[in-house]
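Observations on the model geometry
Here is what each chain is made of, one letter per residue.
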Amino acid sequence: MPPFPGRTKGGHFREPSRRPCRCHDDGAPGLPRGGGLMSPGARPLLLLVFWTLAAPARPSSESDGGWQRRRPGAPAAVAEEERCTVERRADLSYAEFVQHYAFSRPVILQGLTDNSRFRALCSRERLLASFGDSVVRLSTANTYSYQKVDLPFQEYVERLLQPQDPTSLGNDTLYFFGDNNFTEWASLFRHYSPPTFGLLGTTPAYSFGIAGAGSGVPFHWHGPGFSEVIYGRKHWFLYPPEKTPEFHPNKTTLSWLQDMYPALTPSARPLECTIQAGEILYFPDRWWHATLNLDTSVFISTFLS
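In short, a report on the structure. No experiment lies behind these values; they were computed from the predicted model shown.

The secondary structure content of the protein amounts to 7 helices and 15 strands. Within the protein, the proportion of its 305 residues that are buried is 53%. Intrachain contacts of the protein at a sequence separation of at least 6 include 81% that bridge at least 24 residues. Carbon and sulfur atoms form 52% of the exposed surface of the protein, whose accessible area is close to 13,700 Å².

Attention now goes to the sheet that holds strand S5 (residues 107-110). With mixed pairing, the 9 strands of this open sheet are ordered in space as S4-S5-S13-S10-S15-S9-S8-S6-S7. One side of each edge strand has no neighbouring strand; the edge strands of this open sheet are strand S4 (88-90) and strand S7 (148-152). Along the sheet, successive strands turn relative to each other by an average axial angle of 30°, direction set aside. Of the pairings in the sheet, the one linking strand S8 (residues 174-177) to strand S9 (residues 204-211) comprises 2 bridges and is antiparallel in character. Its bridge partner lying in S9, Phe 177 is registered against Gly 209. Its contacts with the sheet put helix H5 (residues 153-160) on strand S6 (135-140), S7, S8 and S9, and the angle it makes with S7 is roughly 100°.

Considering all chains together, one arrives at 1 disulfide under this definition. The disulfide bridge from Cys 84 ends at Cys 273, spanning 1.9 Å between sulfur atoms. What sets the handedness of the Cys 84 and Cys 273 disulfide is the S-S torsion sign, and at about -100° it is left-handed. Note that Cys 84 is positioned in the loop between strand S3 (57-58) and S4 and Cys 273 in strand S12 (residues 271-276), a separation of 189 residues in sequence.

On to helix H4 (residues 124-131), then. Among the residues of H4, Arg 124, Leu 127, Leu 128 and Phe 131 are the ones counted as buried. End-on, the buried residues of H4 take up no more than an arc of 100°, which puts them together on one face. When the buried face of H4 is taken as reference, the exposed residues oriented beyond 90 degrees from it are Glu 125, Ala 129 and Ser 130.

Spatially, 3 strands are ordered S12-S11-S14 in an open sheet, and the strand pairing comes out antiparallel. The sheet terminates laterally at S12 and strand S14 (288-293), the two strands that pair on one side only. Pairs of neighbouring strands in the sheet enclose a mean axial angle of 20°, with direction left out of account. Inspection of the sheet shows strand S11 (residues 233-239) paired to S14 by 6 bridges, in the antiparallel sense. For His 235, the partnering residue across the bridge sits in S14 and is Leu 292.

Next up on the list: unusual backbone geometry. Even without a glycine there, the phi angle at Asp 91 is positive, about 55°. We note that Arg 286 has phi near 65°; this positive angle belongs to a residue other than glycine. Mapped onto the fold, Arg 286 is located in the loop between strand S13 (280-283) and S14. When its relative accessible area of 45% is taken as the criterion, Arg 286 is described as partly exposed.

A few words now on H5. Those residues of H5 that fall on the buried side of the exposure criterion are Phe 153, Tyr 156 and Val 157. Looking straight down H5, one finds its buried side chains confined to an arc of 95°; they lie on one side.

As a further point, take the pairing of S14. Here S14 lies mainly inside the structure; 6 of its 6 residues are buried. Where burial is concerned, the two faces of S14 agree: the one with Trp 288, Ala 290 and Leu 292 and the one with His 289, Thr 291 and Asn 293 are both buried.

The subject of this paragraph is the packing of H4 against H5. One can describe the packing of H4 onto H5 by two numbers: an axis separation of 9 Å at closest approach and a directional angle of 140°. Within the contact between the two elements, H4 uses Arg 124, Leu 127, Leu 128 and Phe 131 and H5 uses Phe 153, Gln 154, Val 157 and Glu 158. For the contact of H4 with H5, the class distribution of residues is 5 nonpolar, 1 polar and 2 charged.

Here we come to the packing of aromatic side chains. The final tally for this structure, using the stated rule, is 30 aromatic pairs. Judged by centre distance (5.7 Å) and plane angle (55°), the ring pair of Phe 219 and Phe 247 falls under tilted. Here Phe 219, found in the loop between S9 and strand S10 (225-231), pairs with Phe 247, found in the loop between S11 and helix H7 (253-259); they are 28 residues apart in sequence, far enough to count as distant. Since its relative accessible area comes to 1%, Phe 219 is described here as buried. The exposure class of Phe 247 is buried, given its relative accessible area of 2%. Grouping aromatic residues by their ring pairs yields a cluster made of Phe 118, Phe 131, Phe 153, Tyr 156, Phe 176, Trp 185, Phe 189, Tyr 192, Tyr 206 and Phe 208. Lys 234 extends its terminal NZ or CZ atom over the ring of Phe 299, reaching a point 3.7 Å from the ring centre.

About the cut-offs
Residues numbered from 1 in each chain as written. Predicted model: local features only at pLDDT ≥ 70, side-chain atom pairs only at ≥ 80, totals over all residues. Heavy atoms only, no water. Helix = DSSP H or I, 4+ residues; strand = E, 2+ residues; numbered from the N terminus. Buried < 20%, exposed > 50% of the residue type's maximum accessible area, 1.4 Å probe, protein only. Contact = heavy atoms within 4.5 Å. Areas by Shrake-Rupley, 256 points an atom, 1.4 Å probe, with all protein chains shown as cover. Pairing = 2+ DSSP bridges. Axes fitted to C-alpha atoms, helices over the stretch in contact; angles between N-to-C directions. Disulfide = S-S within 2.5 Å. Arc of directions from axis to C-beta. Nonpolar A, V, L, I, M, F, W, Y, C, P; charged D, E, K, R; others polar. Phe/Tyr/Trp six-rings, centres within 6.5 Å; stacked < 30°, edge-to-face > 60°. Lys NZ or Arg CZ within 6 Å of the ring centre and 35° of its normal.

Structure representation (structure tokens):
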């Protein structure tokens with residue numbers, strides 16, 4: 001098994017630090033001034049998100065790994081969002097990747113790797129059977145992610161892996177991502193095939209996560225990397241380094257989507273798209289990004305540090 005680079009002392013994978021946001025002179029980082037009516041272009045995504053989060057639970061199926069638990073009679077899935085401004089590419093060569101995307105813009109990669117074995121091992125039943133008693137480290141879902149909480153993985157899945165409350169703040173939301181014990185989870189991680197594309201002078205560091213519908217991390221930036229969805233769907237919002245978004249570092253992405261996104265003019269909107277299971281998003285160095293899980297999602301990122 002190849003080594004997993006980027007481990008910190010104690011056998012944990014390294015999670016890149018989230019950079020501070022731009023703050024207004026009044027000390028309220030990114031807070032919008034005043035309200036705004038929903039713009040027509042924003043409505044499809046907002047309706048999709050709220051409809052998704054409101055959908056009642058029903059028994060899950062093998063295709064979702066047992067993670068989507070809806071009540072009988074509810075739709076099994078929702079329609080794809082109408083707004084996607086990130087290019088999707090299948091059969092992309094490494095030369096094309098370096099020339100057109102690696103240093104300039106995000107891209108969604110399809111068919112780059114086959115992680116069907118890893119996907120099977122990430123079902124709810126298998127992960128609970130293998131790691132239910134393992135202690136995992138959770139981070140608060142805000143820009144800085146300072147607070148850490150340790151608890152058994154089974155407790156996180158059964159008690160905390162719930163749809164996001166739109167009124168909750170980021171520091172009140174615990175999120176499993178980034179602090180993975182290499183030794184304890186090695187039997188799972190050795191089956192993951194990372195993206196085959198790399199960047200000269202960088203070393204990959206891997207972070208595995210599971211999060212409930214409506215959860216996510218608000219805007220932050222770090223080095224380049226890849227993010228693959230194993231189960232569920234994850235919506236991404238991205239801005240280039242020179243275009244700092246307005247946001248509050250302790251407000252959730254769901255709150256930002258509800259309160260600020262509708263008032264954005266077309267020129268102020270981010271690049272965005274929903275990453276489906278089996279797809280990989282590449283994001284370049286220092287690009288601002290925020291994430292929103294539309295379902296309970298299992299995902300793994302490869303950071304190029």
